[in-house]
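Structure at a glance
Below, each chain spelled out in residue letters.
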Amino acid sequence: EPLQTAMQVYNALRVLGIFYQEDPSSPFTRVQGTVEAVDSVTLPRLTLKRKYGDCDDLTALFCSLLETRNVETGIITVPGHIYAAFNTKAPASAIREFSPDKGMVLLQDDSVWIPVERTMLDGNSTFLEAWTRGSELWKANEKTRAFYRTRAAQEVYGPVVLEEKDLGLQYGNEDRIAAAFKQDRDRLGDVV
């Protein structure tokens, strides 16, 4: 169920036209290594409204949407980048149910987690491609990566409440989102 939910959320964001754009006020590539530089994370509802974000904005949006559906999420950091992962709730012994390649998933506390590279939201990249890229980043950065559970962070940093102006917003076309999800589900079925 968490895998299907994540695929649906990914495809909903893709159909909505949410895309990656480097932060115009302080692009990471320009401020990387600068101690004084502070990157800000846009609230997920604002990322939805403006339809773009950098890697931290898109990660926060994806994790937020999954958490509202009771799918546990995590944040992966590698040098110069941040992206999302989610808990399938499957035990490590079920790893082959997700991919014949064990390197495609992460094991955290005997649970199978799937990494998803959110910056691939370009209208063309499939969920499986974003998953594959997330796995590649995880493997390539074995010595420098870090993993943080969203729920643990929320114990330290409380949620930002919705304001009245945020209520009643409608997003997307259900038929297009369902069609995109079905395509990804079929592609995944061909791989597993």
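See above for the structure.
Residues numbered from 1 in each chain as written. Predicted model: local features only at pLDDT ≥ 70, side-chain atom pairs only at ≥ 80, totals over all residues. Heavy atoms only, no water.

1. Structural notes on the overall build of the chain
- Scanning the chain from N- to C-terminus turns up 7 helices and 7 strands.
- Helices and strands appear in the chain in the N-to-C order α-β-α-α-β-α-β-β-β-β-α-β-α-α.
- Relative to its full complement of 192 residues, the chain shows a buried share of 46%.
- In the chain, once contacts between residues fewer than 6 apart in sequence are set aside, the share between residues at least 24 apart is 67%. (Helix = DSSP H or I, 4+ residues; strand = E, 2+ residues; numbered from the N terminus. Buried < 20%, exposed > 50% of the residue type's maximum accessible area, 1.4 Å probe, protein only. Contact = heavy atoms within 4.5 Å.)

2. Here's the deal with unusual backbone geometry
- Within the chain, K51 stands out as a residue other than glycine whose phi angle is a positive 70 degrees.
- Examined against the element boundaries, K51 turns out to sit in the loop between helix 3 (44-50) and strand 2 (52-53).
- The exposure class of K51 is partly exposed, given its relative accessible area of 37%.
- The backbone of K89 sits at a positive phi, close to 70 degrees, despite the residue not being glycine.
- Structurally, K89 can be placed in strand 4 (residues 81-91).
- Residue class for K89 comes out exposed when judged on its relative accessible area of 55%.

3. Here we look at the environment of N124
- For N124, the position within the fold is in the loop between strand 6 (111-116) and helix 5 (127-140).
- Sequence spacing of N124 and R14 is 110 residues, and the spatial spacing of their C-alpha atoms is 8.0 Å.
- The contacts of N124, once residues within four sequence positions are left out, are R14 and E129.

4. Focus on the nonpolar core
- Within the largest apolar cluster, 33 residues are counted, with the highest numbers of intra-cluster contacts made by F62, F86, F127 and W131.
- Counting residues per element, the ones that place at least two in this core are helix 1 (2-16), helix 4 (55-68), strand 4, strand 6, helix 5 and helix 7 (174-191).
- By residue number, the principal contributor to this core is helix 1, which donates 7 residues.
- Beyond its immediate sequence surroundings of up to four residues, F86 is in contact with P2, L3, A6, L66, V71, E72, T73, V112, W113, I114, V116 and F127.
- By size, the runner-up hydrophobic cluster in this structure holds 9 residues, among which are V78, W113, W138 and F147. (Core = buried A, V, L, I, M, F, W, Y, C linked by side-chain atoms within 4.5 Å.)

5. Details of helix 1
- For helix 1, which comprises 15 residues, the first-to-last C-alpha distance of 21 Å matches the rise-based estimate of 21 Å (1.5 Å per residue) to within 8%.
- With respect to burial, helix 1 is a largely interior element, 13 of its 15 residues being buried.
- Looking one or two residues beyond helix 1, the residue adopting positive phi is G17, at roughly 85 degrees. (Expected span 1.5 Å × (residues − 1).)

6. Remarks on the environment of Q108
- Tracing the backbone through its elements, the reader meets Q108 in strand 5 (residues 106-108).
- We classify Q108 as buried; its relative accessible area is 17%.
- Dropping the residues within four chain positions of it, Q108 is found in contact with W113, W138, F147 and R149.

7. Some remarks on the packing of aromatic side chains
- The final tally for this structure, using the stated rule, is 5 aromatic pairs.
- Over the ring of Y52 we find R50; its NZ or CZ atom is 4.5 Å from the centre of that ring. (Phe/Tyr/Trp six-rings, centres within 6.5 Å; stacked < 30°, edge-to-face > 60°. Lys NZ or Arg CZ within 6 Å of the ring centre and 35° of its normal.)

8. A closer look at the sheet that holds strand 7 (residues 146-149)
- Taken in spatial order, the 5 strands of this open sheet run 5-6-4-3-7, and their pairing is antiparallel. Pairing within the sheet leaves two strands with one partner each, and these edge strands are strand 5 and strand 7. Adjacent strand axes in the sheet meet at a mean angle of 35 degrees, parallel and antiparallel pairs treated alike.
- Strand direction decides the pairing type here: strand 5 and strand 6, joined by 3 bridges, are antiparallel. Each bridged residue has a counterpart across the sheet, and for Q108 the counterpart in strand 6 is S111. (Pairing = 2+ DSSP bridges. Axes fitted to C-alpha atoms, helices over the stretch in contact; angles between N-to-C directions.)

9. Here's the deal with the pattern of salt bridges
- What the rule picks out here adds up to 7 salt bridges.
- A salt bridge links D57 to R50, with the shortest nitrogen-to-oxygen separation between them at 3.1 Å.
- Judged by its relative accessible area of 3%, D57 is buried.
- With a closest N to O distance of 2.7 Å, E72 and R149 form a salt bridge. Highlighted residues: E72 in the loop between helix 4 and strand 3 (73-78) and R149 in strand 7, separated in sequence by 77 residues.
- Here E72 falls in the buried class, since its relative accessible area comes to 14%.
- Judged by its relative accessible area of 23%, R149 falls in the partly exposed class. (Salt bridge = Lys/Arg side-chain N within 4 Å of Asp/Glu carboxyl O.)

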